[in-house]
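Overview (structure and organization)
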Amino acid sequence: MRATEGFQTPGLSPGRSIGVALRRVPASPAAGAAFGFELAATNGAGELASSNDNDWVAVSAAALVVLPEDGWIMAAGRINPRSVGELPLRQDETDLQAAIGGELPLGPARLGAGAILSRTLYRSTDGAGENAWGTHAQARFDVRRHGALRAAAAYRFAIYDPSDLVVSDRLMEHTLGAILAWPASHLRLQLNLTHAVEQAGRSLRNDRAEAALEIAL
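Anyway, here's the lowdown on the structure attached to this text. Note that the structure is predicted; figures quoted are calculated from it, not measured.

1. Some words on the overall build of the protein
Summing up its helical and strand segments, the protein has 0 helices and 11 strands in all. Mapped in sequence order, the helices and strands of the protein form the string β-β-β-β-β-β-β-β-β-β-β. Expressed as a percentage of the 217 residues in the protein, the buried residues total 24%. Partitioning the intrachain contacts of the protein with sequence separation of at least 6 by distance along the chain shows that 43% fall at a separation of at least 24.

2. Some thoughts on the pairing of strand β5 (residues 91–106)
The pairing of strand β4 (residues 71–84) with β5 spans 13 bridges and is classified as antiparallel. When the sheet's bridge partners are listed, I79 is paired in β5 with L96. Hairpin connection, β4 to β5: the antiparallel pair is bridged by 6 residues, and G85 has positive phi, about 85°. Linkage of β5 to strand β6 (residues 109–122), two consecutive antiparallel strands, is achieved through a turn of 2 residues, within which G107 is found at a positive phi near 65°.

3. Section: the environment of L187
By the secondary structure assignment, L187 is in strand β10 (residues 187–198). For L187, a relative accessible area of 29% translates into the label partly exposed. In sequence terms L187 and L213 are 26 residues apart; their C-alpha atoms lie 7.4 Å from each other. Beyond its immediate sequence surroundings of up to four residues, L187 is in contact with L180, A181, W182, E214 and I215.

4. With respect to unusual backbone geometry
Note: most residues except glycine have negative phi, and most peptide bonds are trans. Unlike most non-glycine residues, E69 shows phi in positive territory, near 60°. Assignment of secondary structure puts E69 in the loop between β3 (58–67) and β4. Phi is positive for D126, which is not a glycine, with a value near 55°.

5. Details of the pattern of salt bridges
Inspection of the entire model under this criterion finds 7 salt bridges. For the salt bridge of R110 with E103, the shortest nitrogen-to-oxygen distance reads 3.0 Å. Counted as one network, the salt bridges with shared partners bring together R82, E93 and D95.

6. A few points about the pairing of strand β2 (residues 34–42)
Bridge analysis of strand β1 (residues 19–24) against β2 gives 6 bridges, and the strand direction is antiparallel. Each residue of the ladder has a partner; that of V20, found in β2, is A41. Bridge analysis of β2 against β3 gives 9 bridges, and the strand direction is antiparallel. Within the sheet, the bridge partner assigned to T42 lies in β3 and is A58.

7. Digging into the sheet that holds β1
The strand order across the open sheet formed by 11 strands is β1-β2-β3-β4-β5-β6-β7-β8-β9-β10-β11, and the pairing between neighbours is antiparallel. Pairing within the sheet leaves two strands with one partner each, and these edge strands are β1 and β11 (208–215). Geometrically, the sheet is characterised by an average inter-axis angle of 10° between neighbouring strands, direction not taken into account.

Rules and cut-offs
Residues numbered from 1 in each chain as written. Predicted model: local features only at pLDDT ≥ 70, side-chain atom pairs only at ≥ 80, totals over all residues. Heavy atoms only, no water. Helix = DSSP H or I, 4+ residues; strand = E, 2+ residues; numbered from the N terminus. Buried < 20%, exposed > 50% of the residue type's maximum accessible area, 1.4 Å probe, protein only. Contact = heavy atoms within 4.5 Å. Pairing = 2+ DSSP bridges. Salt bridge = Lys/Arg side-chain N within 4 Å of Asp/Glu carboxyl O. Axes fitted to C-alpha atoms, helices over the stretch in contact; angles between N-to-C directions.

Dropping the structure here:
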C-alpha cells in the first residue's frame, strides 16, 4: 500500500535470526545412538527481525539423540528477554521456553510426537505470568515403499493453548494425509484434510482441504 492510499504498515523484515551457534548434528548410525547438541545466542527479536530489540540476547540449548533409520529425540530450552512497545510505554518481558520431541521408525510406520511449554514474565508491570503450551502426535504408514509408485498415509493430532489467561482460545486439529510419489517421473502429490475444533464462544468453520503437486525439474 502506497502512502495516502490506506493504512500504512511496515513491510516484512528478513526471515532470519542473527547470532552465533555451536552445533553438532551426527549422521544416523547403523546401530545404537549418536549424540548431538546446539548452544546458541541470538538477537532475540523474533525470526523475522534482523536487529535486536534491546541490549539482551536470547540464549538456547538443545540436546539431540539420533537413532538408526533417521529416528531422533530432542530436548531444548530457551530464555529470551524481550522489549515490546514504543517509548515512553516500552515494556520488558521474558519468555522461558522448553520443548521436547522425537520420531521413531517402526518398520513401515513412523511415530512422532512433540510438546512445547512457554511462560512469559512481565517484568515492567509485574503482572501475572502467562503460560502457553502445545502438543502433537502423528503416525505415518508406508503403504508402498518400493517400485515405480510409492504411497503413504498419515494421521496427526494437535492441540494448542496460546494463553492460560484467556479461557476460550484453545484449538485442536485432526489431520488426515496421503502422499503419492513417482520417483522416476520426479512427481509427488500430497493431500491433507483437516478438521479444526475450537472452544465454545469462538467456534468458526475452519475445516480445510489442501492439495499440492510437486515436480522436480
